[in-house]
Amino acid sequence: MADPMKIRATVVGDKVEVKVLMAHEMETGQRKDSKGAIVPAWFIQNVTATVNGKTVLSAEWGPAVAKNPFLSFRFAGAKAGDKVVITWTDNHGDKRSDEATIAA
Amino acid sequence: MRPKRIAAAALAAGILSAGLALAQDKDSTSRQIERYREALADGNPAELWEARGESLWKEKRGPKAASLERCDLGLGPGVVKGAYTVLPKYFADTGKVEDLESRLVTCMVALQGFTPEQAKKDPFGGPGKKVPMDALVAYIASESRGMPMHVSIANPKEREAYELGRQIFFYRGGPHDFACASCHGAEGKRIRLQDLPNLTNPADARRAYTTWPAYRVSQGEVRSMQWRLNDCFRQQRFPELEFTSPASIALSLYLARTAEGGVMDAPAIKR
Amino acid sequence: MKMGRRRALQSASGVAVMGLAMAAGLLRPSTARAEAWNKAAFEVKGSLNEEVKALGGSGATESKDISMTSPDIAENGAVVPFTVTSKLPKTESIALLVEKNPNMLAANFTIPEGTEPWINTRIKMGQTSNVIALVKADGKYYYTSKEVKVTLGGCGG
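Since this is a predicted model, take the numbers as computed values, not measurements.

K.L.:
Before we go on, may I ask you to explain the packing of helix 3 (residues 100-110) of chain B against helix 5 (residues 132-142) of chain B in this structure?
P.N.:
Residue and element names in this part refer to chain B. The geometry of helix 3 relative to helix 5 is characterised by a closest axis approach of 11 Å and an angle of 115° between their N-to-C directions. Like other packed secondary-structure pairs, helix 3 and helix 5 cross with a definite hand, here right-handed. From helix 3, L100, E101, L104, V105 and M108 reach across to helix 5, where they touch M133, L136, V137 and I140. Considered class by class, the residues forming the contact of helix 3 with helix 5 number eight nonpolar, no polar and one charged.

K.L.:
Help me out: how do you make sense of unusual backbone geometry in this one?
P.N.:
All names here are of chain B. The omega torsion of the bond from L87 to P88 falls at 0°, within 30 degrees of zero and hence cis. With respect to the helices and strands, P88 occurs in the loop between helix 2 (46-58) and strand 1 (89-91). With an omega of -5°, the peptide bond running from A266 to P267 counts as cis. Mapped onto the elements of the fold, P267 is located in the loop between helix 10 (246-258) and strand 7 (268-270).

K.L.:
Looking at this structure, how should I read the interface of chain A and chain B?
P.N.:
Many analyses report the size of an interface as the accessible area lost when the parts associate. Contacts between the two partners involve 13 residues from chain A, matched on the other side by 16 residues from chain B. Broken down residue by residue, the surface that chain A buries against chain B is led by A:K6, A:L21 and A:K67, which jointly contribute 41%. The interface formed by chain A and chain B holds four salt bridges in total. Residue B:K130 pairs with A:D3 through a salt bridge whose shortest N-O separation is 3.6 Å. Viewed at the interface, chain B and chain A are joined by five residue pairs in polar contact (both at pLDDT 80 or more). Within the side of chain A that touches chain B, the residues separate by chemical class into five nonpolar, one polar and seven charged.

K.L.:
Teacher, can you tell me more about the state of the cysteines here?
P.N.:
Two cysteines form a disulfide when their sulfur atoms are joined by a covalent bond. All told, the structure shown has one disulfide over all chains when counted by the stated rule. Between B:C232, a free cysteine, and B:C180, which holds the nearest cysteine sulfur, the sulfur-to-sulfur gap is 6.8 Å.

K.L.:
What am I meant to see in the sheet that holds strand 7 of chain B here?
P.N.:
Hydrogen bonding along the main chain pairs the strands of a sheet, whether they run parallel or antiparallel. Residues and elements named next belong to chain B. Spatially, three strands are ordered 6-5-7 in an open sheet, and the strand pairing comes out mixed. On the outer flanks of this sheet lie strand 6 (221-223) and strand 7, each paired with one strand and no other. On average, each strand axis in the sheet is tilted by 35° relative to the strand beside it, whichever way the strands run. Here strand 5 (residues 214-216) runs beside strand 6; their pairing, made up of three bridges, is antiparallel. Each residue of the ladder has a partner; that of A214, found in strand 6, is R223.

K.L.:
Looking at this structure, I do not really get the sheet that holds strand 5 (residues 70-75) of chain A. What am I missing?
P.N.:
Strand order in this open sheet of six strands is 1(A)-2(A)-5(A)-8(C)-5(C)-3(C), and the pairing throughout is antiparallel. In this open sheet, the two strands that pair with only one neighbour each are strand 1 (6-12) of chain A together with strand 3 (66-69) of chain C. Each adjacent strand pair in this sheet contributes to an overall mean axis angle of 15°, direction not counted. In this sheet, strand 2 (residues 15-21) of chain A lies alongside strand 1 of chain A in antiparallel orientation, the contact comprising seven bridges. Across the sheet, residue A:I7 finds its bridge partner in strand 2 of chain A, namely A:V20.

K.L.:
What am I meant to see in the environment of B:E34 here?
P.N.:
All names here are of chain B. Considering the arrangement of structural elements, one finds E34 in helix 1 (residues 2-41). Assessed through its relative accessible area of 38%, E34 is described here as partly exposed. Along the backbone, E34 and P148 are 114 residues apart, and their C-alpha atoms lie at a distance of 24 Å.

K.L.:
Can you help me understand the confidence of the model for chain C in this one?
P.N.:
Low-pLDDT stretches of the model should not have their predicted coordinates read in fine detail. All names here are of chain C. Here chain C averages 83 in pLDDT, while 75% of its residues score no lower than 70. Scored below 50 in pLDDT, residues 8-32 shows 44 contacts in the model against residues more than four places distant or in partner chains. In the model, residues 153-157 has pLDDT below 50 throughout and makes 20 contacts with residues more than four positions away in sequence or in other chains. For this predicted complex, the interface confidence reaches an ipTM of 0.96, while the overall pTM sits at 0.85.

K.L.:
Whenever I open this one, the environment of B:A92 confuses me. Can you help?
P.N.:
All names here are of chain B. Residue placement: A92 occurs in the loop between strand 1 and strand 2 (96-98). The exposure class assigned to A92 is exposed, which follows from its relative accessible area of 67%. Sequence separation of A92 and E242 is 150 residues, and the distance between their C-alpha atoms is 23 Å.

Thresholds applied
- Each residue is numbered by its place in its chain's sequence as written, counting from 1.
- All chains are assigned letters beginning with A, and all ligands numbers beginning with 1, in the order in which they are written.
- Under the rules for a predicted model, residues below a pLDDT of 70 receive no local features and side-chain atom pairs below 80 are neither given nor counted, while totals for whole chains, interfaces and linings still include all residues.
- Side-chain figures throughout are based on the complete set of non-hydrogen atoms in the structure, without hydrogens or water.
- Angles shown run from 0 to 180 degrees and are taken between the N-to-C directions of axes, each axis being a line fitted to C-alpha atoms and, for helices, limited to the stretch in contact.
- Helix numbering and strand numbering both begin at the N terminus, where a helix is a DSSP run of H or I of at least 4 residues and a strand a DSSP run of E of at least 2.
- By definition, turning the near helix anticlockwise from the far helix through less than a right angle yields a left-handed crossing, and turning it clockwise yields a right-handed one.
- Residue contacts follow a heavy-atom distance rule, with two residues in contact if any of their heavy atoms lie within 4.5 Å.
- Residues are grouped as follows: Ala, Val, Leu, Ile, Met, Phe, Trp, Tyr, Cys and Pro are nonpolar; Asp, Glu, Lys and Arg are charged; all remaining types, including Gly, are polar.
- Buried area adds together the accessible area that both of two parts lose upon being put together, with accessible area traced by a 1.4 Å probe.
- Only one rule defines a salt bridge in this text: a Lys or Arg side-chain nitrogen within 4 Å of an Asp or Glu carboxyl oxygen.
- Under the rule applied, a polar contact is a pair of N or O atoms within 3.5 Å (in protein, one hydrogen donor and one hydrogen acceptor; residues adjacent in sequence only if both atoms are side-chain atoms).
- In what follows, a disulfide is any cysteine sulfur pair within 2.5 Å.
- At least two bridges found by DSSP between two strands are what make those strands a pair.
- Throughout this description, buried means an accessible area under 20% of the type-specific maximum (1.4 Å probe, protein chains only), exposed means over 50%, and partly exposed covers the range between.
- Known as pLDDT, the predictor's per-residue confidence is scaled from 0 to 100.

Here it is as structure tokens:
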């Protein structure tokens, strides 16, 4: 089970701004280990953010997204107290889902 | 004689303007690098280590199934807030000057029942390898954020360690005949694009010391002072600086003392 | 906003981070479908046109209505921050491409209605390269690009 994400969601004007840090190696599959063997690709492929059941962002990622990914985005239609749920799945089929309450 | 003088003057002017152009390029490069660092400041992956470290501090581990919450980091058992600002320091229970990592080893042994070898094993994380030590360091350092460094050398052992640290700093050795001071002992030094802090200068020492531990982007890991010193030794082609060795602690104390008053801002994020 | 206050992230003042472990086999019906991942798009090398084709379009027009903010120099190519924003009406997606990476496409974000066409993220750059922000708006593709220099820096350690 992957480490939890750190999610922060705050109201900014008439929108909600979300900042999320995910714990993931994001191996490109290009790197060699100390013995010279290629370290296989291992990276988040899909990210979804939902609020009140509605998808507010979805993304397809490749291994070129930086390790321990940081993502920030903004959307309308939610208020303080609502919950943002962020889910990622990687190319190993691992999944992680965390949620945060929108702060005023 | 006149043509020669004009040629010489033209040449000098040419060199001068080229020098100015180079200096301007360097300034704009420095500015862009500053911009890069600022852009990374918000959303530091070190927070993931801080969270893991806080869990590890509270988790019952080891043969004694105990947490680290009674560990004395220098401000009394269990006091984490501000502890990083007084380390390294002399501890009566071990009779030694200890830094944060050696203190964590002490507590892992005394409270949790690990052997010293187990506690010191794998101190530095790597790709796919998570270790407790760097997470604990990240958490404890974060609890001193915003607070000034105040290490003491009142105790004779602390004074001795400080003097030893200073000697090590200036000690030339290894195949390159380097000392720490070779890179960090004078103003205006640089390796490729990295401006090197002059660690004998309190202002530079404060800036440098208060931003370790740090998430090193090039490493993809949170790195501590123990790691930083170990890696400097590696880069100088010195023999390996043993984890939590008296030499490593002495060097830390010398640097922490020179950074007196510096406000902690760690874990930071660095290249 | 400084994200450095770990305590704030866990305080009761309105922000609660709760882990929801999605155990295998306990997926809610709405998330039970396999998620789409455009393999071909993530294998295109060096050509914007090829990339747009792989994404289902044909050609992209340069647009001043897309803005890309990033440092001009990345001290380390492992982590390069970008903010992309699109003023194009009906922006549907924003993608980041690194021309000289082994595979061009780094990330593709789908922007539903109600979400601001604004993304801030960090990508890897293997070397100094043009970075392209590719936007799909009202069914058509647009782009802007900038060069970002990548240095290793220092002792490389």
